[in-house]
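Summary of the model geometry
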Amino acid sequence: MPALNVEFSDRELEDLRQIAKERGTSMKALVREAAAADIARHRALQEGAEEFRRFFASHADEFAAAFPEDERSVRGEGRVA
């Protein structure tokens, strides 16, 4: 499995040691878990944003009617999203 060396300040390293000890896990497992959680969060945010874009696009006319002051025209015709 590929690996990654990560540098921490002395304070961060001590904090990681303490947290790992409190949780009864290794520092490696703690850091990996944190990185995996952030990756999952990032993916969920990307998926949510894509779902919002699809929803907005499929209801563009309804949004335009409800919020006409937010509509911009290009050379007097059409909308710009």
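Every value quoted in this text rests on a predicted model; they were computed, and no experiment measured them. (Residues numbered from 1 in each chain as written. Predicted model: local features only at pLDDT ≥ 70, side-chain atom pairs only at ≥ 80, totals over all residues. Heavy atoms only, no water.)

What follows is about the confidence of the model for the protein chain. Summing up the model confidence of the protein chain, the mean pLDDT is 91 and the portion of residues at 70 or higher is 89%. Confidence, read as mean pLDDT per element, is least for strand β2 (residues 77-79) in the protein chain (53) and greatest for helix α1 (residues 10-23) (98). (pLDDT = per-residue confidence, 0-100. Helix = DSSP H or I, 4+ residues; strand = E, 2+ residues; numbered from the N terminus.)

Taken as a whole, the largest pocket holds about 440 Å³ of empty space. Residue lining of the largest pocket: 13 residues in total, with Ala3, Leu4, Lys28, Val31 and Arg32 positioned closest to the centre. Broken down by class, the residue content of the lining of the largest pocket amounts to 10 nonpolar, 1 polar and 2 charged. (1 Å grid on protein atoms, 1.4 Å probe; cavity = no way out; pocket = protein on both sides within 12 Å on 5 of 7 lines; lining within 4 Å. Points joined across faces, edges and corners; volume = space filled by probe spheres on them. Nonpolar A, V, L, I, M, F, W, Y, C, P; charged D, E, K, R; others polar.)

Moving on, we get to the pattern of salt bridges. According to the stated counting rule, one finds 5 salt bridges in the structure shown. Linking Glu51 and Arg54 is a salt bridge whose minimum nitrogen-to-oxygen distance equals 2.7 Å. Highlighted residues: Glu51 and Arg54, both in helix α2 (residues 27-58), separated by 3 residues, approximately one helical turn. Given the relative accessible area of 43%, Glu51 is considered partly exposed. Salt bridges sharing common partners tie together Glu50, Glu51, Arg53 and Arg54. (Salt bridge = Lys/Arg side-chain N within 4 Å of Asp/Glu carboxyl O. Buried < 20%, exposed > 50% of the residue type's maximum accessible area, 1.4 Å probe, protein only.)

With that settled, the discussion passes to α1. With 14 residues, α1 extends 20 Å from end C-alpha to end C-alpha; this agrees with the ideal 20 Å at 1.5 Å per step. One or two steps after α1, the chain reaches Gly24, where phi turns positive at roughly 70 degrees. (Expected span 1.5 Å × (residues − 1).)

We now examine a nonpolar patch on the surface. Residues Leu4, Val6 and Phe8 make up a contiguous nonpolar surface patch of about 300 Å² in total accessible area. Along the chain, Phe8 turns up in the segment before α1. (Patch = residues over 30% accessible without salt bridge, like charges linked within 9 Å, V, L, I, M, F, W, Y side chains within 5 Å. Areas by Shrake-Rupley, 256 points an atom, 1.4 Å probe, with all protein chains shown as cover.)

A few words on the packing of α1 against α2. Each packed pair of helices is defined by two parameters, the angle between the axes and the distance between the axes. Closest axis-to-axis distance for the α1/α2 pair is 9 Å, and the angle between their directions is 100 degrees. When the interaxial angle is binned, α1 and α2 end up roughly perpendicular. Together, Leu13, Leu16, Arg17, Ile19, Ala20 and Arg23 of α1 and Met27, Leu30, Val31 and Glu33 of α2 make up the contact between the two elements. Classifying every residue of the contact of α1 with α2 gives 7 nonpolar, no polar and 3 charged. (Axes fitted to C-alpha atoms, helices over the stretch in contact; angles between N-to-C directions. Parallel < 35°, antiparallel > 145°, perpendicular 65-115°, else oblique. Contact = heavy atoms within 4.5 Å.)

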